[in-house]
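Next come the chains, spelled out residue by residue.
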Amino acid sequence: MTEKEQILDAMRKAGQPLNAGKVAELTGLDRKIVDKAFAEMKKTGEIVSPVRCKWEPAAK
């Protein structure tokens, strides 16, 4: 499972918007890896921000 898949999986299981710190805590990934993945996923539209500084998977 790639880092992006781990992040999206953790976000779906949480069922609520999460910040990068919480995602890092849930997945066990380094915060820098989560931040980098978030930046890429924001550009591709894989995640959206319904609340300031918190993210969730985009509805597809």
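Look a little higher up for the structure.
Below or above, wherever it landed, is the structure these notes cover. Nothing here was measured: the structure is a model prediction, and the numbers come from that model. (Residues numbered from 1 in each chain as written. Predicted model: local features only at pLDDT ≥ 70, side-chain atom pairs only at ≥ 80, totals over all residues. Heavy atoms only, no water.)

**Some thoughts on the pairing of strand β2 (residues 54–57)**
For clarity, the threshold we go by: Pairs of strands are assigned from DSSP output, requiring at least two bridges between the strands. Each helix is a run of H or I in the DSSP string that is no shorter than four residues. Each strand is a run of E no shorter than two, and both are numbered from the N terminus.
In the sheet, strand β1 (residues 47–51) pairs with β2 via three bridges, with the strands oriented antiparallel. Note that in β2 the partner of V48 across the bridge is E56. Between the antiparallel neighbours β1 and β2 lie two residues, among them C53 with a positive phi of about 70°.

**Details of the packing of helix α1 (residues 3–14) against helix α2 (residues 20–27)**
Selection criterion: Axis angles are defined between N-to-C directions and span 0 to 180 degrees, where every axis is a line fitted to C-alpha atoms and, for a helix, only to the segment in contact. Any angle from 65 to 115 degrees is called roughly perpendicular, while one under 35 is roughly parallel, one over 145 is roughly antiparallel, and all others are oblique. Only heavy atoms matter for contacts: two residues are in contact if any of them lie within 4.5 Å across the pair. Each residue gets one label: Ala, Val, Leu, Ile, Met, Phe, Trp, Tyr, Cys and Pro are nonpolar, Asp, Glu, Lys and Arg are charged, and the others, such as Gly, are polar.
One can describe the packing of α1 onto α2 by two numbers: an axis separation of 10 Å at closest approach and a directional angle of 100°. Taken together, the axes of α1 and α2 lie roughly perpendicular to each other. Along the contact surface, α1 presents Q6, I7, A10 and M11, while α2 presents V23, L26 and T27. For the contact of α1 with α2, the residue count by class is five nonpolar, two polar and no charged.

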